[in-house]
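# Architecture at a glance
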Amino acid sequence: MTALTVAGVLLGGALAGCGGAAPAPTALAPTSPTAPAPAAPKKPPTMAPGPAGRTPVFERRPTGGSAAEKAAAEKVVALTFDADMTADQGARAKAGERFDNPELIALLRRLKVPSTVFMTGRWAEEYPAQAKGIGTDDLFEVANHSYSHYAFTADCYGLPVVAKDTMTRDVERAFSAFRQAGVRNVVPYFRFPGGCYDDAALRALGPADVTAVQWDVVSGDAFATDAGAVAEQVLDGVRPGSLVVMHCTRSAAPVTTEAISRIVPELRKRGYRFVKVSELMEG
């Protein structure tokens, strides 16, 4: 025992003997290592702009040219879901038509399938609680599918056409709708309505600073009535690095949930791992 400690003990005893209370020892604040600063959010990968600032286009993860490289490619696949709603469909929604599909989202959660939802701004405005729920769940990421779901080229499945000088504004309006709904997990990716684009659209959309995302596997779920046929088409088309396009709208794609319940277990049985578009693009 050190001399200083002994002195303290004797002094405390003397005070106690005189009817005074011994002073409580002074507690020293515990020392702890400095907590590390939280890591900055990881920036989603994007592609470099094309010639003259054209919007770049991503379709799937490349797997190499030789047979050996293709055979050795990692078995990953990205399932994407378009949440479509055009700017003029509000009256139909009020009349009871459903452009959402909460059962599909619930199934993806139960199956733990990371997914990318390409959402229109109009859809986010119609279903803000669902948009926020999807966009704050780390299982999902939300990408831009335009505000109005109008086409960016002429003759695109009969869709109304966005004027060239308002294309960037349309995309920015969708991002604004996501923010207003509280969507957090937003990635700088864009899907052309109908998948229709041309060189003029790529040039016009350059200022939006997004990467356009297409696909290599068409599910055929739009307006389909046979879930088995949709599942078979996806399973036949998927290859390592594939990007599948499906839909998250009950009225336009009523059998997608049932198809997913078949697709996911079978692809996992084949050794596939599900990833978001951001991870597919990163690879």
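Predicted model, so just to flag it, every value in this text is computed and none were measured. (Residues numbered from 1 in each chain as written. Predicted model: local features only at pLDDT ≥ 70, side-chain atom pairs only at ≥ 80, totals over all residues. Heavy atoms only, no water.)

## Observations regarding the pattern of salt bridges
Condition: In the sections that follow, a salt bridge refers to a side-chain nitrogen of Lys or Arg positioned within 4 Å of a carboxyl oxygen of Asp or Glu. Numbering of helices and strands runs from the N terminus; a helix is a DSSP stretch of H or I covering at least four residues, while a strand is a stretch of E covering at least two. Classification of residues uses two cut-offs on accessible area relative to the type maximum, computed with a 1.4 Å probe and protein chains only: under 20% is buried, over 50% is exposed, and between them is partly exposed.
On inspection of all chains with the given rule, the structure shows 18 salt bridges. The salt bridge partner of Asp137 is Arg109, with a shortest N-O separation of 2.7 Å. Of this pair, Asp137 sits in the loop between α6 (128–135) and β4 (140–144) while Arg109 sits in helix α4 (residues 102–111), and the two are 28 residues apart along the sequence. According to the relative accessible area criterion, Arg109 is partly exposed, its value standing at 36%. Here the residues in one salt-bridge network are Arg61, Glu74, Arg273 and Glu279, joined through shared partners.

## Some thoughts on the nonpolar core
Going by this rule: The set of buried Ala, Val, Leu, Ile, Met, Phe, Trp, Tyr and Cys residues whose side-chain atoms join them within 4.5 Å is what this entry labels a nonpolar core.
The biggest cluster of nonpolar side chains holds 60 residues, and the ones touching the most others in it are Met119, Trp123, Phe152, Leu205, Ile260 and Ile263. With seven residues, helix α7 (residues 167–181) is the single largest residue contributor to this core. The next biggest cluster of nonpolar side chains, apart from the first, holds 13 residues, and it includes Val187, Val275, Val277 and Met281.

## Structural notes on the pairing of strand β5 (residues 186–190)
Each regular strand displays side chains that alternate between the two surfaces of the sheet. Threshold: Being paired, for any two strands, means DSSP has found at least two bridges between them. Note on handedness: a crossover is taken as right-handed if, strands pointing away from the viewer, the path from the first strand over the helix to the second is clockwise.
Pairing of β4 with β5 involves two bridges; the strand directions are parallel. Looking at the pairing, Asn144 lines up with Phe190 of β5. Crossover handedness for the path β4 to α7 to β5: right-handed. Alignment of β5 against strand β6 (residues 211–213), held across two bridges, turns out to be parallel. Note that in β6 the partner of Tyr189 across the bridge is Thr211. After leaving β5, the chain enters helix α8 (residues 199–204) and then returns to the sheet as β6, a path that is right-handed.

## Examining the pairing of strand β3 (residues 115–119)
Of all five residues in β3, five are buried; the element is thus mostly enclosed. Going residue by residue along β3, you find Ser115, Val117 and Met119 tucked away on one face and Thr116 and Phe118 tucked away on the opposite face as well. Pairing of strand β2 (residues 76–83) with β3, which is carried by four bridges, proceeds in the parallel orientation. When the bridges of β3 are listed, Ala83 appears paired with Met119.

## Considerations on unusual backbone geometry
Residues other than glycine seldom take positive phi values, yet Ser146 does so here, at roughly 80 degrees. Its place among the elements puts Ser146 in the loop between β4 and α7. Positive phi values are uncommon outside glycine, yet His149 reaches one of about 60 degrees.

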